[in-house]
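Here's the letter readout for the chains.
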Amino acid sequence: MMHVFAKRVMQCVVATSLGVAAGHTFAQAQVIDSRPATRASTASASTTAAGNISSQMFGRMQQLEQEVLDLRGLVEQQAFEIKRLKQQRLDDYTDLDQRISNLMSSQGASAPSSAPSRPSASNAAASQPNSGAKPVSERGLYSDALSLLLQKKDFDGSASKLNQYLKSYPNGLFTPNAYYWLGEISLSKQDLQDSQQWFSRLLKEYPGHNKAPDAKFKLGKLYFQLGDKGNAKSMLSEVAAGGTPAAQLAKDFMSVNGLL
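Numbering of residues starts from 1 in every chain and runs along the sequence as written. In view of the model being predicted, local features appear only for residues whose pLDDT reaches at least 70, and side-chain atom pairs are presented and counted only at 80 or more, with totals across whole chains, interfaces and linings using the full set of residues. Hydrogens and water molecules were not included; the side-chain quantities draw on all heavy atoms of the structure.

Engineer: Help me understand the overall build of the chain in this model?
Structural biologist: Looking only at helices and strands, the chain features eight helices and zero strands. Numbering goes from the N terminus for both helices and strands, where a helix is a DSSP run of H or I of at least four residues and a strand is a run of E of at least two. Moving toward the C terminus, one meets the helices and strands of the chain in the order α-α-α-α-α-α-α-α. Burial classes: relative accessible area under 20% of the type maximum marks a residue as buried, over 50% as exposed, and values in between as partly exposed (1.4 Å probe, protein chains only). Across the 260 residues that make up the chain, the buried fraction comes to 25%. Surface accessibility of the chain: about 17,300 Å² in total, with carbon and sulfur atoms responsible for 59%. For every accessible area listed, the method is Shrake-Rupley and the probe measures 1.4 Å; residues are considered covered only by the protein chains on display.

What follows is the structure, encoded as structure tokens:
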């Protein structure tokens, strides 16, 4: 009886052991089988994250490219506006120069009528054609030079006319104006040395002329471009202290370029 009971106990133990072993094996199989799924999901998540980053980077690059295009367009627009303003300023100067020149010419033409009468009427009659001929031809030559500069934008042709004017009328009514415009023409052609000579000549020979402040302003800028900041500051400070239209231009230039 005891033998039979012992045998049954042994069978139960063996069966239990086999069941536990089978369960353990099944659990291991589940764990082993689940690992590839975990790795696959991790790889999928990494791929998705990388795709999102690439998409964000591409979007950002497109945004930056658009910003660069916008900035380039703005720079081109500002460059065009600066060029237009420079041309407008040159046109304004030329128009003002013509008006002042016409006024001075009319005053010069009226001067002989107020002068004392000549001893001889024949002498007065003989002198009138000569005194009237020179201002007309002088004014005509100068006007031709301005016309080439303003209307045709022919800088070389205008410079040739102005030099011809100075040769014919070295002490003429428009000599300081010719100096100034020759300086402007040289400056537009980036001939800084030649421009400096013309502006300096105007200031030396006609320091009180209405073109002198503008010539001094341009000369100050030339000194700055040539690296002579000492003379540049001195020139521009003198202009800024005056009450001419060039005063504000001088202040702005000094402020922008650290000369205050």
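Engineer: Would you explain the nonpolar core in this entry?
Structural biologist: Generally speaking, soluble globular proteins have nonpolar side chains that are buried together. Here, the term nonpolar core denotes a set of buried Ala, Val, Leu, Ile, Met, Phe, Trp, Tyr and Cys residues that are joined through side-chain atoms within 4.5 Å. Among the nonpolar cores identified, the biggest contains 40 residues, and Leu162 and Tyr165 are the most heavily contacted of them. Of all elements in the fold, only α2 (121-150), α3 (155-168), α4 (175-188), α5 (192-205), α6 (212-225), α7 (229-240) and α8 (246-256) reach the threshold of two or more residues within this core. Setting aside anything within four residues of it in sequence, one finds Leu162 in contact with Tyr142, Ala145, Ala178, Trp181, Leu182 and Ile185. Contacts are residue-level and defined by heavy atoms, with any inter-residue pair within 4.5 Å sufficient.

Engineer: Would you mind showing me how to read the packing of α5 against α6 here?
Structural biologist: The relative placement of two packed helices comes down to the angle between their axes together with the axis-to-axis distance. To get an axis, a line is fitted to the C-alpha atoms, and for a helix only the part in contact is used. The angle between two axes follows their N-to-C directions and goes from 0 to 180 degrees. Between α5 and α6, the least distance of the axes is 9 Å, while the angle of their chain directions is 145 degrees. Of the two possible hands of crossing, α5 and α6 adopt the one that is left-handed. Of α6, the residues touching α5 (which contributes Leu192, Ser195, Gln196, Phe199, Ser200, Leu202 and Leu203) are Ala212, Ala215, Lys216, Lys218, Leu219, Leu222, Tyr223 and Gln225. Side-chain classes are defined by residue name, with Ala, Val, Leu, Ile, Met, Phe, Trp, Tyr, Cys and Pro counting as nonpolar, Asp, Glu, Lys and Arg as charged, and the others, Gly among them, as polar. Taken together, the residues of the contact of α5 with α6 break down into nine nonpolar, four polar and two charged. Left-handed is the label given to a crossing in which the near helix is rotated counterclockwise from the far helix by less than a right angle, and right-handed is the label when the rotation is clockwise.

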